[in-house]
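Summary of the model geometry
Residues per chain are reported as follows:
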Amino acid sequence: MHRLYSLAFGAMAAALTFTASSASAASLTRQPYLQRVGPDTATIAFRLDGGCVPSVRYGAQGSTDQSAQSADSGRNHAIVLTGLQPGTEYTYLVEACGARTNPVRFSTAPVPGTRNVHFTAVGDFGMNNADQRAVANAMLGRKPELFLMLGDNAYSSGTEAEFQSNLFVPMAPLLAQVPSFAAPGNHEYVTQQAQPYFDNLYLPTSPSGGEHYYSFDWGHVHFVSLDSSCALGLAPAARCSLAAQKKWLEQDLASSDAPWKVVFHHYPPWSSGEHGSQPLMRREFTPLFEKYGVDLVLTGHDHHYERSQPMKGNAVGPSGERNPTYLVVGGGGASLRPFETSKPSWTVVRNDRDHGYLDVKVQEGTLTAQALTPSGQVIDSFTLTKELPPAPEEEPAPEEEPVVTDPSSPPTIEQPGPTQPPTPAPGPITGSPGLPGSPEDPEDLGPNAPGCSTGPAIALLPAGLLVLAGALRRRRR
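Heads up: these notes are all about the structure in this document. (Residues numbered from 1 in each chain as written. Predicted model: local features only at pLDDT ≥ 70, side-chain atom pairs only at ≥ 80, totals over all residues. Heavy atoms only, no water.)

Once that is clear, we can look at the nonpolar core. Counting 104 residues, the largest nonpolar core has Phe119, Phe147, Leu148, Phe223, Phe264 and Leu298 as the members making the most contacts within it. When residues no more than four places from it in sequence are discounted, the contact partners of Phe223 are Phe119, Leu146, Leu148, Tyr214, Ser215, Phe216, Trp218, Val262 and Phe264. (Core = buried A, V, L, I, M, F, W, Y, C linked by side-chain atoms within 4.5 Å. Buried < 20%, exposed > 50% of the residue type's maximum accessible area, 1.4 Å probe, protein only. Contact = heavy atoms within 4.5 Å.)

Here it is in C-alpha cells:
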C-alpha cells in the first residue's frame with residue numbers, strides 16, 4: 001500500500017517540475033510552497049540554482065494572466081501576491097531563466113466569519129520516508145483549505161539540509177497546493193535554536209514574538225500557534241520568553257470574538273506516551289485555554305495518536321461544562337512508539353499502531369474531526385457542538401430609480417465596497433465521541449460574486465446603434 005502511495009506521490013511531484021525552453025535554463029532546487037495565505041494575499045516561496053529574476057504568473061478561473069516579479073536574482077525567493085479575492089481558487093506557475101513550472105492551484109482564505117472551514121494537522125513527520133509521503137499524499141487527497149504542522153518538521157536536528165531533504169522534497173505536492181502554518185518542535189531547536197526553521201518558513205508574526213508564536217483567523221476559526229520550546233527556555237530570552245508569550249496569548253485570546261478557537265504547538269499538556277504530559281505547558285497555558293474558551297489543543301512530540309476528555313485543571317472537566325480537548329497527533333512519519341502504561345481514565349482513544357493525521361471540518365456550530373490512516377481507516381472520530389446565533393443576512397440592495405443617460409457622456413459605475421459580517425459570540429460545547437466516519441461533503445469555497453447592473457449598458461444601447469448604422473452606411477459607399 002505504501003508503494004502505491006509513493007508512486008502516486010512521485011507522479012504528483014513530477015507535475016511540479018520545470019519545463020525548460022533551452023539547455024541553459026535554470027531549475028528549481030526547491031519546488032514552490034504556499035506561505036502566509038490570507039483572504040487577499042499569498043506568498044509563493046521557492047529556490048533556484050541559477051541567477052535570474054524570476055516571476056510568478058497567476059490568475060483566477062484557470063488563467064495565469066497576472067504576474068508578480070521577485071525583488072532580486074538570488075537563489076531564495078518569496079514572491080507576494082496581493083489584491084486577491086477571498087475564497088477564490090487561483091492557478092499559478094513560476095517563470096525563471098527561460099523555464100517555467102507546470103501550473104498548480106490553491107485557494108485563498110474565505111471572507112472573515114465564513115462558517116465553513118476544513119483543515120488537516122499532524123506532527124513528527126520530517127523523515128523523508130514512505131510513511132511521511134503516504135500521510136502527506138492522503139492529506140492532499142482530502143483537499144483541505146490549510147495544513148497545520150505540529151513540530152519536528154525536519155528530523156533529526158532541523159538543519160538547513162534536513163529542511164530541504166526531509167520537508168520540502170517529500171511534501172512538495174502538498175505544500176504547493178495547500179497553505180501551511182507551522183509550530184516548531186524540539187528537533188528544530190537542536191540547530192542554532194531553530195534558526196533554519198525561521199529561515200525556511202514565512203509565517204505570520206506577533207508583536208512580541210515574531211514568528212515564534214502568532215495567530216490568524218480562517219473563516220470563523222481563530223488559530224493560535226505557540227512555541228513550546230521557547231516556553232521551556234530553549235530560545236534566547238531576548239527573542240522569545242515564557243512571560244512574553246503568556247502575556248501575548250492572554251491578550252490575543254481575550255481580543256478574539258471568533259466562535260471557534262484552535263491552539264497548536266509541540267509539547268503536549270496531556271499525553272500517556274513515552275514523553276508523557278509536559279507539566280510546564282499544563283501549568284502555564286491550560287488555565288488560559290480554559291478561561292478563553294479554546295476548543296481544541298493540537299500537539300505532537302509523542303509518536304502516537306491520543307484524545308483526552310475535555311480537561312479542566314489536572315482532571316476531567318465537569319459534565320456539561322465547556323473545556324478544551326487535547327490531542328496528540330504525532331504519527332506523521334517518525335517511528336511509532338508503543339504505550340508502556342495502561343490507558344488512563346482521562347484518555348478517550350489512543351493508538352500506537354498506525355501512522356496518520358487529523359482531518360477537521362468546522363461547519364456552523366459543529367466541529368467534526370477524524371483521525372485517519374493514509375488508507376482512509378478511521379482511528380477516531382468525534383464532534384464538538386455549540387449554539388451560534390443566526391448568520392447575519394446580507395441587506396438587499398435598494399431599488400434604483402431609472403436613470404436617463406446622455407449618450408454623449410460616459411456612464412458612471414459605482415463599485416461596491418467589501419463588507420465583513422460580524423462574528424458571532426461562542427456558545428456552550430457538548431462533546432460526542434466515537435461517531436462513525438462520514439463521506440466527504442462538497443466544499444464550497446467560492447466567493448459570493450456581486451450582481452452586475454445592466455442599467456449602463458441599456459442606456460448606451462441607442463448611441464451604440466447610431467454608431468453602428470453610420471459605420472454600415474460608410475461601408476456601402
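Once the structure has been displayed, the description carries forward.
Applying the stated criterion across every chain, the model contains 13 aromatic pairs. Chaining the aromatic ring pairs together yields one cluster made of Phe119, Phe181, Tyr214, Phe216, Trp218 and Phe223. Cation over ring: Arg350 sits above Phe339, and NZ or CZ is 4.0 Å from the ring centre. Above the ring of Trp260, the side-chain terminus of Lys386 is found at 4.1 Å from the ring centroid. (Phe/Tyr/Trp six-rings, centres within 6.5 Å; stacked < 30°, edge-to-face > 60°. Lys NZ or Arg CZ within 6 Å of the ring centre and 35° of its normal.)

In total, this model carries two disulfides according to the counting rule given. The side chain of Cys52 participates in a disulfide bridge whose partner is Cys97; the two sulfur atoms lie 1.8 Å from each other. Disulfide Cys52 to Cys97: torsion about the S-S bond roughly -100°, handedness left-handed. Here Cys52, found in the loop between β3 (42–48) and β4 (55–60), pairs with Cys97, found in the loop between β7 (89–96) and β8 (99–101); they are 45 residues apart in sequence, far enough to count as distant. Take Cys52: its relative accessible area is 14%, and that puts it in the buried class. Between Cys230 and Cys240 runs a disulfide, and the two sulfur atoms are separated by 2.0 Å. Since a negative S-S torsion denotes a left-handed disulfide, the Cys230-Cys240 link at about -95° is left-handed. Here Cys240 lies in the loop between α6 (228–231) and α7 (242–255) and Cys230 lies in helix α6, a separation of ten residues in the sequence. The residues Cys230 and Cys240 share a single accessibility class, namely buried. Counting only the cysteines that form disulfides, in the order they appear in the protein chain, gives the pairing 1-2, 3-4. (Disulfide = S-S within 2.5 Å. Helix = DSSP H or I, 4+ residues; strand = E, 2+ residues; numbered from the N terminus.)

Of note, Ser271 is situated in the loop between β15 (260–264) and α8 (279–291). Among the polar contacts made by the side chain of Ser271, one reaches the side chain of Asp302 at a distance of 2.5 Å. Residues within four places of Ser271 in sequence aside, it is in contact with Gly276, Ser277, Asp302, His304, Glu306, Val328 and Trp346. (Polar contact = N/O pair within 3.5 Å; in protein donor to acceptor, adjacent residues only side chain to side chain.)

Two measures define how a pair of helices packs: the angle their axes make with one another and the distance between the axes. Two numbers describe how α7 lies on α8: the axes approach to 10 Å, and their chain directions differ by 15°. The angle between the axes of α7 and α8 places the two elements in the roughly parallel class. Remark: the crossing between α7 and α8 carries right-handed chirality. Counting all contacts with α7, which are made through Leu242, Gln245, Lys246, Leu249, Glu250 and Leu253, the residues of α8 involved are Leu280, Glu284, Phe285, Leu288, Phe289 and Lys291. When grouped by side-chain class, the residues that make up the contact of α7 with α8 number seven nonpolar, one polar and four charged. (Axes fitted to C-alpha atoms, helices over the stretch in contact; angles between N-to-C directions. Parallel < 35°, antiparallel > 145°, perpendicular 65-115°, else oblique. Left-handed = near helix turned anticlockwise from the far one by under 90°. Nonpolar A, V, L, I, M, F, W, Y, C, P; charged D, E, K, R; others polar.)

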